[in-house]
Amino acid sequence: MPRLSRVSILSLAAAAGLALTAPAEAQSLRWLTQSQESAAQYPAEIAAIEAAGEAGFEVTRNEFQVLGVNLADALRLVGSGAFDLATVQVGSAAKDDPFLEGIDLIGVSTDMEDLKGAVDAYREAFNARLGEKFGAKAMAIWPFGPQVFLCNADMSTLGDLDGLKVRSFTASMSMLLEELGATPVTLSFPEVYPALQRGVASCGVTSPTSSNTGKWPEVTTHLYPLSVSGSVQAHVVNLDWLNGLDDDKRAAFETVMADLEAALWELAITTNGTAQACSTGGECPEGIYTSYDMTLVPVSDEDKAKVAEISATKILPEWGARCEASYEECVDLWNETVGAARGLTISLDTQ
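We now turn to the structure provided with this report. (Residues numbered from 1 in each chain as written. Predicted model: local features only at pLDDT ≥ 70, side-chain atom pairs only at ≥ 80, totals over all residues. Heavy atoms only, no water.)

**Examining the overall build of the protein**
In step 1: When you go through the protein residue by residue, the secondary structure sums to 13 helices and 13 strands.
In step 2: In terms of C-alpha radius of gyration, the protein reaches 20 Å, essentially the compact-globule figure of 20 Å for 351 residues.
In step 3: The C-alpha extent of the protein, read off along each of the three principal axes, is 60 × 50 × 35 Å.
In step 4: Burial analysis of the protein (351 residues in total) assigns 55% to the buried set.
In step 5: Contacts in the protein between residues at least 24 apart in sequence constitute 71% of all its contacts with a sequence separation of at least 6.
In step 6: Counting every atom, the protein has about 14500 Å² of accessible surface; 49% of that belongs to carbon and sulfur. (Helix = DSSP H or I, 4+ residues; strand = E, 2+ residues; numbered from the N terminus. Rg over C-alpha atoms; globule rule 2.2 N^0.38 Å. Buried < 20%, exposed > 50% of the residue type's maximum accessible area, 1.4 Å probe, protein only. Contact = heavy atoms within 4.5 Å. Areas by Shrake-Rupley, 256 points an atom, 1.4 Å probe, with all protein chains shown as cover.)

Dropping the structure here:
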């Protein structure tokens, strides 16, 4: 069973953590996460930590928000060995390497089935790059869910974003917003609520589940459920730590993480409809979600086609050129993996 304790992680200040007792020869596992108790993903992650404890790992859990650590620094914290495992918002971490964002570019995989195919196709290349550049490996790769629009201004189509400031958290999302005439404002998730409240941003993009549990409907009025991506996350471990495990411990850890990934995909696929209904005055069962009365805006085929066109003609070539500049094999790898899975090809003038 878990017990709450006060822990200190290297040079970081003491903060609340979750430590699990384990056998005498337990392997320590310093786990850094963005999942807080109010998050839909929290129960699945705690179940995984409990399973790791039963498998012989002594887990010390800390949250980015409690420690005051920037989510965008997750890969560096794992690669340096400051933590053995951290949850990574891939789009934000891609500032360190554009190749990573290729797993979930805006407009490429707009439903969970398509995204699952893209993630599975990219996984091997993704992990090879993580190992080469960061000394890390993604043990679980999963989405928050369909990324949709919430605004505190009247909205009936994507055209209404013209002139508005809209929260973004990836480079390709910012390009989409610019093409729509909006001004992207790069904000981490905890910064969005006050930004919407104070008028720093008029709209934000996130999943129905995250927006409801994050109380965005308190500061927004319209929900436009046009999905533009899946906000892929990863539980990433330090490779030296992973390779230092004996065969039995490694196998047990891999099982724990595979089960966690499956649980988080199931959550993304099954719960966002409930969250959306709760946010827009529909049936809202008791549980983690709160009932609100936002206006649910019907999605038009014209807007779906507009996102697909911007993705194909603007986002993919721009990302390909940017990625190729730091990684020569980038475009070919993407075309052979995600591109093949989604029936898309990036062509650059330089190729």
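Here the narrative resumes, following the displayed structure.
**Brief notes about the pairing of strand β8 (residues 165-168)**
Remember that side chains alternate between the two faces of the sheet whenever the strand is regular.
In step 1: Taken together, the four bridges between β8 and strand β9 (residues 183-186) define a ladder with parallel strand orientation. Pairing of Arg-167 across the sheet is with Val-185, part of β9.
In step 2: Read as a crossover between parallel neighbours, the route from β8 over helix α6 (residues 171-179) to β9 is right-handed. (Pairing = 2+ DSSP bridges. Right-handed = clockwise from strand over helix to strand, strands pointing away.)

**What about the pattern of salt bridges?**
In step 1: For the structure on display, the rule yields 13 salt bridges.
In step 2: For Arg-342, the salt bridge is made with Asp-114, and the minimal N-O distance between the two is 3.2 Å. Highlighted residues: Arg-342 in helix α13 (residues 330-342) and Asp-114 in helix α5 (residues 112-134), separated in sequence by 228 residues.
In step 3: The network of salt bridges with shared partners includes Lys-116, Asp-120, Arg-123 and Glu-261. (Salt bridge = Lys/Arg side-chain N within 4 Å of Asp/Glu carboxyl O.)

**Focus on the state of the cysteines**
Here is the idea: a disulfide is a covalent bond, and it sits between the sulfur atoms of two cysteines.
In step 1: By the definition in use, this model includes three disulfides.
In step 2: Each sulfur in the disulfide pair Cys-151 and Cys-203 lies 2.0 Å from the other. Judged by the sign of its S-S torsion, about 110°, the bond between Cys-151 and Cys-203 is right-handed. With a gap of 52 residues between them, Cys-151 in strand β7 (residues 148-151) and Cys-203 in strand β10 (residues 203-206) connect regions that are remote in the sequence. Each member of the pair, Cys-151 together with Cys-203, is buried.
In step 3: A sulfur-sulfur separation of 2.1 Å characterises the disulfide bridge that pairs Cys-278 with Cys-284. Between Cys-278 and Cys-284 the sulfur-sulfur dihedral comes to about 100°; the bridge is accordingly right-handed.
In step 4: Look at Cys-284 and you get partly exposed, because its relative accessible area is 25%.
In step 5: With its disulfide-bonded cysteines labelled consecutively along the sequence, the protein is connected as 1-2, 3-4, 5-6. (Disulfide = S-S within 2.5 Å.)

**Details of the environment of Ala-312**
In step 1: Its place among the elements puts Ala-312 in helix α12 (residues 301-326).
In step 2: It is 8.0 Å that separates the C-alpha atoms of Ala-312 and Gly-107, two residues lying 205 residues apart in sequence.

**Looking at α13**
Residues three or four positions apart in an α-helix share a direction because the helix packs 3.6 residues into each turn.
In step 1: Taking 1.5 Å of rise per residue, the 13 residues of α13 would be expected to cover 18 Å, and the 17 Å separating its terminal C-alpha atoms lies within 8% of that figure.
In step 2: Glu-336 marks where α13 bends most, by close to 35°.
In step 3: Where α13 is concerned, the buried positions are Cys-330, Val-331, Leu-333, Trp-334, Asn-335, Thr-337, Val-338 and Gly-339.
In step 4: Here the buried face of α13 lies against α5 and α12.
In step 5: Note on α13: the residue one or two positions beyond its end, Gly-343, has a positive phi of about 70°. (Expected span 1.5 Å × (residues − 1). Bend = angle between axes of the 7 residues up to and from the residue.)

**Observations regarding the environment of Lys-314**
In step 1: Mapped onto the elements, Lys-314 comes out in helix α12.
In step 2: For the pair Lys-314 and Asp-303, spaced 11 residues apart in sequence, the C-alpha separation works out to 16 Å.

**Observations concerning a negative patch on the surface**
In step 1: Where like charges cluster on the molecular surface, the negative patch consists of Glu-328, Glu-329, Asp-332 and Glu-336.
In step 2: Within the secondary structure, Glu-329 sits in the loop between α12 and α13.
In step 3: By relative accessible area, which is 47% here, Glu-329 ends up partly exposed. (Patch = residues over 30% accessible without salt bridge, like charges linked within 9 Å, V, L, I, M, F, W, Y side chains within 5 Å. Lys, Arg positive; Asp, Glu negative; His and termini not counted. Charge placed at Lys NZ, Arg CZ, Asp CG, Glu CD.)

**Focus: the packing of aromatic side chains**
The geometry of an aromatic ring pair is captured by two quantities: the separation of the ring centres and the angle between the planes.
In step 1: A complete count under the given rule lists nine aromatic pairs for this structure.
In step 2: Aromatic ring contacts, followed pair by pair, group Phe-99, Tyr-122, Phe-126 and Tyr-327 into a single cluster.
In step 3: When the ring centre of Trp-265 is taken as reference, the NZ or CZ atom of Lys-116 above it lies at 5.6 Å.
In step 4: Between the NZ or CZ atom of Arg-129 and the centre of the ring of Tyr-327, over which it lies, the distance is 4.0 Å. (Phe/Tyr/Trp six-rings, centres within 6.5 Å; stacked < 30°, edge-to-face > 60°. Lys NZ or Arg CZ within 6 Å of the ring centre and 35° of its normal.)

**Here we look at unusual backbone geometry**
In step 1: With a phi angle near 65°, Lys-215 is a residue other than glycine that sits in the positive phi range.
In step 2: Inspection of the secondary structure puts Lys-215 in the loop between α8 (208-213) and β11 (222-224).
In step 3: In the Ramachandran plot, Ser-231 falls in the positive-phi region, its phi being about 50° despite a non-glycine side chain.
In step 4: Looking at where Ser-231 falls in the secondary structure, it is placed in the loop between β11 and β12 (232-238).
In step 5: Taking relative accessible area as the criterion, Ser-231 reaches 4% and is therefore assigned buried.

**A word on the packing of α12 against α13**
In step 1: Between α12 and α13, the shortest axis-to-axis distance is 8 Å and the interhelical angle comes to 130°. The angle between the axes of α12 and α13 places the two elements in the oblique class. Facing α12, whose interface residues are Leu-316, Trp-319, Gly-320, Cys-323 and Glu-324, α13 presents Cys-330, Val-331 and Trp-334. (Axes fitted to C-alpha atoms, helices over the stretch in contact; angles between N-to-C directions. Parallel < 35°, antiparallel > 145°, perpendicular 65-115°, else oblique.)

Bear in mind that shape data such as this cannot, by itself, settle questions of function.
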